[in-house]
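The lines below spell out each chain.
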Amino acid sequence: MLYKKNTTPTLSEELFKNPTSEYRGTPFWAWNNLLTKEELCRQIDVFKEMGLGGFHMHVRTGLKNKYLSDEYMELVKACVEKAKGEEMLAWLYDEDRWPSGAAGGLVTCDEKYRARNLVFTTEKQGEAFSAGNCSRSNGDRSGNDTLLACYDVVLDSDGYLESYKRIDENEAAQGTKWYALLNIYGPNSWHNDQSYVDTLNKDAVKKFVEVTHEKYREEIGEDFDGTVPAIFTDEPQFTRKDTFDNSFDTDDVTMPWTDKVPELYKEAYGADILDTLPEIFWDLKDSAPSIHRYRYHDFIAELFAQSFADTVGSWCAENGIALTGHMMEEPTLHSQTAALGEAMRSYRSFQLPGIDLLCNSHEFTTAKQAQSAAHQFGYEGVLSELYGVTGWDCDFRTYKHQGDWQAALGITVRVPHLSWYAMAGEAKRDYPASISYQSPWYKEYGAIEDHFARVNTALTRGKPIVKVGVIHPVESFWLHWGPNDKSAIFRDGTDENFLSLTKWLLEGSIDFNFICESLLPTLCEKGSAPFKVGEMEYDAIIVPGCETLRKTTVERLEQFRNNGGKLIFMGDAPSLVDAVPSDYAKSLFEKSEKIDFSRASLLTALEDVRTLTIRYADGK
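All values reported here derive from a predicted model rather than from experimental measurement.

Student: I'd love a proper account of the pattern of salt bridges, names of residues and values included.
Tutor: Using the criterion set out here, one finds 39 salt bridges in the structure. Of the charged contacts, one joins Glu86 and Lys48 as a salt bridge, the two residues approaching to 3.2 Å between their closest N and O atoms. One end of the pair, Glu86, is in the loop between helix H3 (70–85) and strand S3 (89–93); the other, Lys48, is in helix H2 (residues 37–49), and 38 residues separate them in sequence. Judged by its relative accessible area of 41%, Lys48 is partly exposed. For Lys591, the salt bridge goes to Glu558, with nearest N and O atoms at 3.6 Å. With Lys591 in helix H17 (residues 584–591) and Glu558 in helix H16 (residues 551–562), the pair connects residues that are 33 residues apart, well separated along the chain. Residue Lys591 is classed as partly exposed on the basis of its relative accessible area, which comes to 38%. A single network of salt bridges, built from pairs that share partners, joins Asp298, Glu302, Asp310, Glu342, Arg345, Arg348, Glu475 and Arg550.

Shown next as structure tokens:
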């Protein structure tokens with residue numbers, strides 16, 4: 001790949017003064033009108049004048065050339081040739097707008113590739129509705145339903161699940177009768193009157209690759225890993241997971257699903273998922289954890305990662321081009337559970353993992369998750385789509401501030417959002433301002449890019465030294481994906497701890513990496529001290545109030561501690577292993593260092609592994 005660590009271990013003064021294109025920003029270039037070769041080439045000259053290193057050819061609303069047509073591909077080739085002549089980089093984008101997977105409806109015109117979802121409802125013939133012109137996979141109901149199972153569900157007086165059983169479609173229920181329906185998405189104008197793709201179906205994603213990636217390979221494959229370093233995938237997701245607001249509600253609830261879920265789940269667990277489906281939706285008495293709920297969330301997360309990221313990433317690796325881009329809604333445990341299952345699992349197949357930071361705000365968790373995967377897998381860097389939705393009054397101070405804190409958290413490839421091809425029609429409202437010739441300061445923008453290009457020349461050399469690892473708590477969060485009146489307080493508390501822990505460590509000048517439990521067995525064969533996870537070695541491991549840990553995690557942490565490693569448990573002891581009550585993790589807890597869930601206790605416990613101290617003049 002183009003971005004290779006340590007190919008030049010030392011940084012020359014000449015390169016630092018005059019960084020080349022691979023260290024410079026490559027904005028989303030909004031193709032939002034009728035494109036001509038002459039105007040495209042003129043704007044590439046503008047990008048070079050602005051100090052940018054290239055561009056992402058990004059379809060937006062307003063494109064008048066037919067997407068992926070021969071004419072469209074001729075324009076792509078012209079841009080690649082122009083970039084080559086200017087020693088710039090031409091980055092590909094894999095979708096007509098976003099989210100990635102449907103190829104602008106070219107894939108999902110075939111119903112077998114359309115997104116599906118599970119509808120849990122008291123109405124067998126519910127009213128159809130459409131999400132309309134919406135890019136999010138919210139689970140519209142088309143009326144194209146297939147009955148999967150019926151249930152007799154009985155709740156106790158407090159709204160907990162007292163009993164349930166599968167019954168026949170025509171059988172009366174003692175409690176409330178619920179139907180599990182497989183729904184196939186209907187037409188959506190955002191996807192050119194087709195629908196989003198079934199990202200849980202590997203065959204559907206293979207069709208997406210065939211329509212999109214193979215087309216690019218045929219036309220410009222000779223420039224892969226050269227002028228064309230990567231292809232950007234944008235916000236892949238599955239149907240957004242839902243919960244009841246209140247336990248006694250009878251509104252429909254939707255969850256991600258695909259045709260093969262029962263078959264694949266049985267292969268994984270030797271059980272029929274439909275037998276225990278109600279435990280996904282309601283809490284058991286006394287908030288007892290449900291192994292069936294945990295397994296469902298883990299199963300869907302893995303199916304999504306295998307079907308989308310692994311399929312696309314494998315094709316990219318085989319064809320000498322990097323997969324980059326970002327997942328959907330990465331920052332909180334709640335947001336990633338709802339849209340992805342977990343964010344870090346899919347990074348295993350990204351040669352250049354990325355994030356999306358909208359508005360003038362901070363998302364430390366988002367950056368740290370991607371940086372952690374890049375460190376552990378030895379990837380070449382981390383990409384960020386930044387500056388979007390900041391408005392016309394955004395100035396260079398904001399551009400520098402947003403870039404600086406992200407650089408401090410490992411961002412080495414910048415994708416400024418957004419450079420417009422034109423300002424006609426909807427473009428005037430398309431997440432301004434335009435980082436291009438339409439803005440009066442565009443000729444001065446090189447000051448921003450010179451700064452960050454020099455930072456990136458340094459950040460892409462050497463090996464990061466990070467002494468602290470943090471077990472990612474998302475799997476404990478899954479246990480509480482139940483009705484809001486029962487579970488929201490637990491979810492909110494876990495998310496608050498997740499965000500606070502990240503902030504305490506970073507603002508306390510202690511660098512760390514998250515450790516994803518699902519990835520750990522392939523990255524860490526045994527728990528030595530220091531704790532080796534892929535390319536990284538950690539002197540201290542923190543377990544942040546997790547209720548459940550995987551058996552594979554506990555085994556490696558026990559070996560780490562027995563070899564003299566510093567193992568710290570924050571808060572209560574884990575009571576579950578693989579979501580089943582067990583004393584195994586409790587026993588390890590008792591033999592390890594224990595602290596309360598507070599900033600003071602955390603920073604004090606890690607003082608002996610600190611590599612850097614930064615203080616204000618007042619000593620704080």
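Student: Can you tell me about the sheet that holds strand S24 (residues 593–595), naming the residues and giving the values?
Tutor: Across the sheet, which stays open at both edges, the 5 strands sit in the order S16-S15-S19-S21-S24 with parallel pairing between neighbours. Looking at strand neighbours, the two that pair on one side only are strand S16 (513–515) and S24, the edges of this open sheet. In this sheet, adjacent strand axes meet at a mean angle of 30° when their direction is disregarded. Note: strand S21 (residues 566–570) against S24, 3 bridges, orientation parallel. Counterpart to Phe569 in the pairing with S24 is Lys594.

Student: Explain the environment of Glu385 residue by residue, including any values.
Tutor: Residue placement: Glu385 occurs in strand S12 (residues 383–386). The exposure class of Glu385 is buried, given its relative accessible area of 4%. For the pair Glu385 and Val413, spaced 28 residues apart in the sequence, the C-alpha separation amounts to 8.8 Å. Among all residues touching Glu385, those that are not within four sequence positions of it are Phe28, Phe232, Asp234, His326, Ile355, Asp356, Leu357, Val415 and His417. A distance of 3.1 Å separates polar atoms of two side chains, one belonging to Glu385 and the other to His326.

Student: Lay out the packing of aromatic side chains with the relevant residues and their values.
Tutor: With the rule as written, the count across this model stands at 42 aromatic pairs. Seen from their ring centres, Trp98 and Trp190 are 5.0 Å apart, and the 70° between their planes marks the pair as edge-to-face. Separated by 92 residues along the polypeptide, Trp98 in the loop between S3 and strand S4 (116–121) and Trp190 in the loop between strand S7 (176–184) and helix H4 (202–211) bring together distant segments of the chain. Exposure remark for Trp190: the relative accessible area of 10% places this residue in the buried category. Pairwise contacts between aromatic rings join Trp29, Trp31, Phe47, Phe55, Tyr67 and Tyr72 into one cluster. If you follow Arg97 out to its NZ or CZ, it ends over the ring of Trp190, 4.3 Å from the centre. Sitting over the face of the ring of Tyr160, Lys486 holds its NZ or CZ atom 5.1 Å from the ring centroid.

Student: I'd like to hear about the sheet that holds S3, residue by residue, with values.
Tutor: Spatially, 9 strands are ordered S13-S12-S11-S10-S8-S3-S2-S1-S14 in an open sheet, and the strand pairing comes out parallel. The sheet terminates laterally at strand S13 (413–416) and strand S14 (419–420), the two strands that pair on one side only. Across 4 bridges, strand S1 (residues 28–31) lies against strand S2 (residues 54–59) in parallel orientation. By the bridge assignment for S2, Phe28 is matched with His56.

Student: Kindly report on helix H11 (residues 396–408), identifying the contributing residues and their values.
Tutor: Taking 1.5 Å of rise per residue, the 13 residues of H11 would be expected to cover 18 Å, and the 18 Å separating its terminal C-alpha atoms lies within 8% of that figure. Looking at H11, one finds that the buried residues are Thr398, Tyr399, Gln402, Gly403, Trp405, Gln406 and Ala407. Looking at the buried side of H11, the elements it contacts are strand S11 (352–357), helix H10 (364–377), S12, S13 and helix H12 (446–459). Positive backbone phi, at 100°, marks Gly410, one or two positions downstream of H11.

Student: Lay out the packing of H4 against helix H5 (residues 213–220) in plain terms, naming residues and giving numbers.
Tutor: At a minimum axis distance of 3 Å, the contact between H4 and H5 shows a crossing angle of 25°. In terms of axis orientation, H4 runs roughly parallel to H5. Every residue of H5 that contacts H4 at Phe208, Val209, Glu210 and Val211 is listed here: His213, Glu214 and Lys215. Across the contact of H4 with H5, the residue classes break down as 3 nonpolar, 1 polar and 3 charged.

Each value, and the rule that gives it
- Residues numbered from 1 in each chain as written.
- Predicted model: local features only at pLDDT ≥ 70, side-chain atom pairs only at ≥ 80, totals over all residues.
- Heavy atoms only, no water.
- Salt bridge = Lys/Arg side-chain N within 4 Å of Asp/Glu carboxyl O.
- Helix = DSSP H or I, 4+ residues; strand = E, 2+ residues; numbered from the N terminus.
- Buried < 20%, exposed > 50% of the residue type's maximum accessible area, 1.4 Å probe, protein only.
- Pairing = 2+ DSSP bridges.
- Axes fitted to C-alpha atoms, helices over the stretch in contact; angles between N-to-C directions.
- Contact = heavy atoms within 4.5 Å.
- Polar contact = N/O pair within 3.5 Å; in protein donor to acceptor, adjacent residues only side chain to side chain.
- Phe/Tyr/Trp six-rings, centres within 6.5 Å; stacked < 30°, edge-to-face > 60°.
- Lys NZ or Arg CZ within 6 Å of the ring centre and 35° of its normal.
- Expected span 1.5 Å × (residues − 1).
- Parallel < 35°, antiparallel > 145°, perpendicular 65-115°, else oblique.
- Nonpolar A, V, L, I, M, F, W, Y, C, P; charged D, E, K, R; others polar.

The values reported here are purely geometric and, on their own, carry no functional implication.
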